[in-house]
Amino acid sequence: MQIITLGGTPIFWVVLCLIFYIFGDENGKEAAFIALTALVMGFFLSELLKAVIARPRPYEVLSWVRYTTPAGGYSMPSGHTVAAFSGFLALYFKFGRLWLFILLASLVGISRVCLGLHYPSDVIAGAFLGVLCALAAVKVEERVKCFGLCNFERIG
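Let me sum up the structure you'll find in this document. (Residues numbered from 1 in each chain as written. Predicted model: local features only at pLDDT ≥ 70, side-chain atom pairs only at ≥ 80, totals over all residues. Heavy atoms only, no water.)

Here's the deal with the environment of Ala127
What counts here: In DSSP terms, a helix is any run of H or I states spanning at least four residues, a strand is any run of E spanning at least two, and both are numbered starting from the N terminus. Here a residue-residue contact requires only that any non-hydrogen atoms of the pair lie within 4.5 Å.
Here Ala127 lies in helix 6 (residues 120-146). Separated by 14 residues in the primary sequence, Ala127 and Glu141 place their C-alpha atoms 21 Å from one another. Setting aside residues no more than four positions away along its own chain, Ala127 makes contact with Thr81 and Phe85.

Here you go:
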């Protein structure tokens, strides 16, 4: 679970998006743009919600919950799950295979519960927010292309 949870970390997504952007074709560059846009939106929205909701993490409240590494901040929503759903859905929009990307994102969410860092409702909220951010990022990408602000075929 500690390896699977890395699929929701900023370093994972920055490195993956750089690889798609540098070595990818037009779809890869567009996927990187959508993913990074969704991830930035998801980060700020999830941090705002965490501050507003201020829900303690399970291991801080429930003595029987075991955890390996303490996490800072609040629990609701799961930021790792937001990132996983935002990023993996961005890849789906350009490469297809919805089942694969939903599975990968869901595994990240499940890992957060198994590691004792989130309640299942934190993960569900994170998945919902991640999906919304991915959909919004697709609309941003369409607008950017529509206004001619970025020509992905010529980049790289």
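And the narrative resumes.
A few points about the environment of Ser86
Selection criterion: Burial classes: relative accessible area under 20% of the type maximum marks a residue as buried, over 50% as exposed, and values in between as partly exposed (1.4 Å probe, protein chains only). In the analysis that follows, any N or O atom pair within 3.5 Å is treated as a polar contact, provided that within protein one partner can donate a hydrogen and the other can accept it, and provided that, for residues neighboring in sequence, both atoms belong to side chains.
Its place among the elements puts Ser86 in helix 4 (residues 79-95). Judged by its relative accessible area of 0%, Ser86 falls in the buried class. The spacing of Ser86 and Ala134 is 48 residues in sequence and 4.8 Å in space, taken between C-alpha atoms. Setting aside residues up to four positions removed in sequence, Ser86 forms contacts with Ala38, Leu39, Gly130, Cys133 and Ala134. For Ser86, the side chain forms a polar contact with the main-chain oxygen of Val82, separated by 2.8 Å. Separated by 3.4 Å, the side chain of Ser86 and the backbone oxygen of Gly130 make a polar contact.

Brief notes about the nonpolar core
Here is the rule we go by: Put simply, a nonpolar core is a bunch of buried Ala, Val, Leu, Ile, Met, Phe, Trp, Tyr and Cys residues held in one set by side-chain atoms that sit within 4.5 Å of each other.
Ranked by internal contacts, the top residues of the largest apolar core, which has 23 residues, are Trp13, Phe88 and Leu91. When residues of this core are traced back to their parent elements, those giving at least two are helix 1 (10-23), helix 2 (26-53), helix 4, helix 5 (98-114) and helix 6. Sorting elements by how many residues they give to this core places helix 4 first, with seven residues. If we ignore the near neighbours within four places in the chain, the residues touching Phe88 are Gly7, Phe12, Trp13, Phe101, Leu104 and Ala105.

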